[in-house]
Amino acid sequence: MKQIAVIPCGKKKIWDMDPRTGPVYAKEAYQGTLHKKCTQYARFHHLYPVILSAKYGFLKPDDVVPADYDVGFQHHSGVINDEALISQWHAKGFSRTETIVVLTGKKHIRVLNRVIDTPHQWEFPLAHARGIGDMLRILDQSVQH
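Residues numbered from 1 in each chain as written. Predicted model: local features only at pLDDT ≥ 70, side-chain atom pairs only at ≥ 80, totals over all residues. Heavy atoms only, no water.

**Q** Lay out helix α5 (residues 106–115) in plain terms, naming residues and giving numbers.
**A** Here α5 has its buried residues at H108, V111, L112 and V115. Take α5 and look down its axis: the buried residues cluster within an arc of 100°, on one side only. In this structure, α5 carries K106, R110 and N113 as exposed residues pointing more than 90 degrees from its buried face. Where α5 is buried, its residues touch β1 (3–8), β3 (48–53), β4 (57–59), α4 (82–91), β6 (99–102) and β7 (121–123). (Buried < 20%, exposed > 50% of the residue type's maximum accessible area, 1.4 Å probe, protein only. Helix = DSSP H or I, 4+ residues; strand = E, 2+ residues; numbered from the N terminus. Arc of directions from axis to C-beta. Contact = heavy atoms within 4.5 Å.)

See below:
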């Protein structure tokens, strides 16, 4: 993987629609608009999508999410620790990535800055967005060209 896009998971999940759903692939678990638009952006720009979850860390699309959860990086309990994130980053091969496109908000960027220590080219297409609506507009415009 030369280029990846770090994508937020989001609060809305498949279990919100059907609580009886069992374990699913990460690419199927997250159902929010921002997550879907970020995934679309990654595909359009030929970037490998890496989902960042406060509970499970860095997820590849085919990693399994076992069940519903409600944990965000602003919470104190249930959040994956930095050591585990660092370990995942290296174990999953992301440390060999050349370009990281960050499609997340500021709280995720703070986490990334703490755990990624290898030199990469960073891109922040949503850095100047003024809110979720602006983020969605930027993402939509970027896949129309």
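That was the structure; now back to the text.
**Q** Which residues make up the packing of helix α3 (residues 33–44) against helix α6 (residues 132–142), and what values do they have?
**A** Between α3 and α6, the least distance of the axes is 9 Å, while the angle of their chain directions is 25°. In terms of axis orientation, α3 runs roughly parallel to α6. Both α3 and α6 take part in a crossing whose hand is left-handed. Between α3, through T33, L34, K37, C38, Y41 and F44, and α6, the contact on the second element is made entirely by I132, M135, L136, L139, D140 and S142. Class assignment for the residues of the contact of α3 with α6 results in eight nonpolar, two polar and two charged. (Axes fitted to C-alpha atoms, helices over the stretch in contact; angles between N-to-C directions. Parallel < 35°, antiparallel > 145°, perpendicular 65-115°, else oblique. Left-handed = near helix turned anticlockwise from the far one by under 90°. Nonpolar A, V, L, I, M, F, W, Y, C, P; charged D, E, K, R; others polar.)

**Q** Account for the environment of L126, with residues named and values stated.
**A** Looking at where L126 falls in the secondary structure, it is placed in the loop between β7 and α6. Through-space distance from the C-alpha of L126 to that of G78 is 27 Å; in sequence the pair is 48 residues apart. Every residue in contact with L126, bar those within four places of it in the chain, is listed here: L103, T104, M135, I138 and L139.

Read these as layout, nothing more, since geometry by itself doesn't imply function.
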